[in-house]
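# Fold and contact review
Each chain, written out:
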Amino acid sequence: MPGAKRALISVHDKRGVEAFARRLAAKGYTILSTGGTALALRKAGIEVTEVSAYTGHPEILGGRVKTLHPKVHGGLLADPSQPGHRADLERTGIEPIALLAVNLYPFREVASRAGAPLDEVIEMIDIGGPAMVRSAAKNHRNVAVVVDPEDYEPVLGEIEKNGDLADLTRKALAVKAFGHTAAYDAAIHEELSRRFAGAPGDFPGRLSLSFTLLSPLRYGENPHQRAALYADPDAGAGAVASARKLQGKELSYNNILDLDAAWRLVLEFERPAAAVIKHNNPCGVATAASLQEAFDKARRTDEISSFGGIVAFNREMDEAAAASVTSLFLECVIAPGYTPAARDILAAKTGLRVMQAAPDPASAYRGLDLRRVTGGLLVQDWDRAPTDMGSARVASKRPPTAEEVRALDFAWRVARHVKSNAIVLARADRTIGIGAGQMSRVDSVRLACMKAAEPTAGTVLASDAFFPFRDGVDEAARAGITAVVQPGGSMRDSEVIAAADEHGLAMLFTGVRHFRH
C-alpha cells in the first residue's frame, strides 16, 4: 500500500471492532471513523479522526449524509499506479485510504419485525455504506475491504505477518463485499416490493435471491454432482438449514432433503409424533403418549424400508426413545432437544447424525417455495392449507364415525407429505400403509395395501387428489377400508360416490388438493 496508511471504519455491527482498530493503529494506520463507531473507539482509548473533520464538512440531514464526499470516495477509488490519479490527489489534497471496514444498517432485521413502520424501515436503507463498499471493492488492488467481523482476525494476521494483504486475499474480500451489498439491495427490493408493488400477495416483477453459503457438501444426489448448502438469511431456528449437528458424520445432500421432509411432517402434530423418512417419502408416521411408542408404531408401518432412513420427533427425545432409535440402523435423527441420558445412548452410534432444531412451523415455511427448471424458476406459496375435517363435506350416504374422523384427519395430514399420486392408509394414531409416487391412483391404493404390515380392515384412506375413476374406491373396499377423504372435483365424482355408497364407505370431500411432485 503506497503512501500513508489510512483505515476508514464505520460499522453498525461492532463485534470485535475495538481490537481490530487497536491492532491496525499499532501497525501504523490512521483511523478514520464516523458517529457511533468513532465514539466507541474513542471510549476504548483509540485515537480516531472523525470523517467530518477529515472532509471539513459536517454530517447533515440527521446523519443521512456523512461519507458521501470526494475526500472519502477519492481516497477509496484512487489508483496510485496511474499518473493522472496521483496528480488529482495532489491537486485536491486527497489522501489514499488503504483499508475500509464497513457493515450496513440492519435493514432485514428491522423490516422482518412484526408491525415495523414504513418510516423506520426506510431509515434502515443505508446509502453511504454501500457506496463506500462498492468503491473499495472496485479498487481492491489498492484498498482492502472488510464487511464481516469474522474476517478481522485473518486480515489482521496477514497484515501483521506480511505487512500487507496478498492479491488473492484482496480479491476474496472484494467478492464478499459485492455479495454483501447485493444481498442488502435484494432485501430492500423484496421488502419494498411486498409493501409497494401491486396487490397484497402479488409476486414481485423481479425476484432477487440472496443465500449465504453454509458449507460445501461431499457431493450431490450422486457422487458425480457437486453440491453445497446455502442458508436463507430469513431462516428461523425452526428451519433445517438452521439446525445444529450435535454428533455424527457430515450431512449429505440427500440427508438434508430427507431431514427437511421428516421435520415438516412431524410439525403437523400436537401430540408426541415420530416420522420415518426414506427417499423423501414417509415409511411410517405415528403419534402416541410417548416418543418411544410413536417411533415403534411408525417403524412397524414399513420396517424394511425404515432401515437406513431418517427419523424426526416433535418433542425432546428421552432415554426410552433413544434406546428404540438405536435398535435400528438410521442415517439421521432430528428433534427439538435431547435429554442427557438420550445423548449418552445416541453417542454410542458414532455414525448417526444427530440434529437439533426449534419446533417452530412458521420458520420452517418462511419465504416462497422455489424450484429450478430449464431456463427458469418455478415459484409458489408453501402448501400450508389448514387441516380441518370439520369443514369437509360428507359426500357419501353414510357419515364417518367420530373414530373415523380422527383417523381421516391423521391420514390427511400425512398425505400432503407423500409424493403424488399419494395414498395413505391409517388409523387415528398411525399409518398402516403408504402408496407413493405412482403414475396411477389405483396403483397407489394397491401399493399401500400391499405394503401394509398389519390388517387393513377397519382402516381409513386419504388421497391427495380426487379419484378419476371408481376403481380406487373398489380396491379400498376390497381391503376392508371403511372411510375415505379426498378433495373431490372429478368429472366422475358421482360414480366415485356411488362406489363408496355401494360398499358402505363414508367419504369426505375437502375441496383442497395436496399434490407433491
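Residues numbered from 1 in each chain as written. Predicted model: local features only at pLDDT ≥ 70, side-chain atom pairs only at ≥ 80, totals over all residues. Heavy atoms only, no water.

### Comments concerning the overall build of the protein
Of the regular secondary structure elements, the protein holds 20 helices and 21 strands. For 517 residues, the compact-globule estimate of 2.2 N^0.38 gives 24 Å, and the protein exceeds it by more than 25% at 30 Å. For the protein, the spread of C-alpha atoms along the principal axes amounts to about 95 × 55 × 40 Å. Burial status across the protein gives 49% buried among its 517 residues. (Helix = DSSP H or I, 4+ residues; strand = E, 2+ residues; numbered from the N terminus. Rg over C-alpha atoms; globule rule 2.2 N^0.38 Å. Buried < 20%, exposed > 50% of the residue type's maximum accessible area, 1.4 Å probe, protein only.)

### Observations regarding the packing of helix H4 (residues 70-77) against helix H8 (residues 128-138)
Orientation of H4 relative to H8, taken along the N-to-C sense of each, is 25°, at an axis distance of 8 Å. As far as their axial angle goes, H8 and H4 are roughly parallel. When H4 is examined against H8, the residues Val-72, His-73, Leu-76 and Leu-77 are found in contact with a partner set consisting of Ala-131, Met-132, Ser-135, Ala-136 and Lys-138. (Axes fitted to C-alpha atoms, helices over the stretch in contact; angles between N-to-C directions. Parallel < 35°, antiparallel > 145°, perpendicular 65-115°, else oblique. Contact = heavy atoms within 4.5 Å.)

### Quick word on helix H19 (residues 471-478)
Gly-472, Val-473, Asp-474, Glu-475 and Ala-476 are the residues of H19 that are buried. Contacts from the buried residues of H19 go to helix H18 (441-451), strand E19 (460-463), helix H20 (493-503) and strand E21 (506-509). Of the residues one or two after H19, Gly-480 is the one with positive phi, at around 85°.

### Topic: the pairing of strand E17 (residues 423-427)
Within E17, four of the five residues are buried, leaving the element largely enclosed by the surrounding structure. In this antiparallel pair of consecutive strands, E17 and strand E18 (residues 430-435), the connection spans two residues. Summarising the sheet, E17 and E19 pair through four bridges and their orientation is antiparallel. Bridge pairing in E19 places Val-424 opposite Ala-462. (Pairing = 2+ DSSP bridges.)

### Comments concerning the packing of helix H1 (residues 17-26) against helix H9 (residues 152-162)
In contact at an axis separation of 11 Å, H1 and H9 are set at 10° when each is read in the N-to-C sense. The pairing of H1 with H9 is recorded here as roughly parallel in orientation. Contacts between H1 and H9 involve Val-17, Phe-20, Arg-23 and Leu-24 from the first element and Tyr-152, Glu-153, Val-155, Leu-156, Gly-157, Ile-159 and Glu-160 from the second. Split into classes, the residues belonging to the contact of H1 with H9 amount to seven nonpolar, one polar and three charged. (Nonpolar A, V, L, I, M, F, W, Y, C, P; charged D, E, K, R; others polar.)

### Examining the confidence of the model for the protein
Mean pLDDT over the protein works out to 90, with 98% of the residues at or above the 70 mark. In the model of the protein, helix H3 (residues 51-55) stands out as the element of lowest mean pLDDT, 79, in contrast to strand E20 (residues 483-486), which has the highest, 98. (pLDDT = per-residue confidence, 0-100.)

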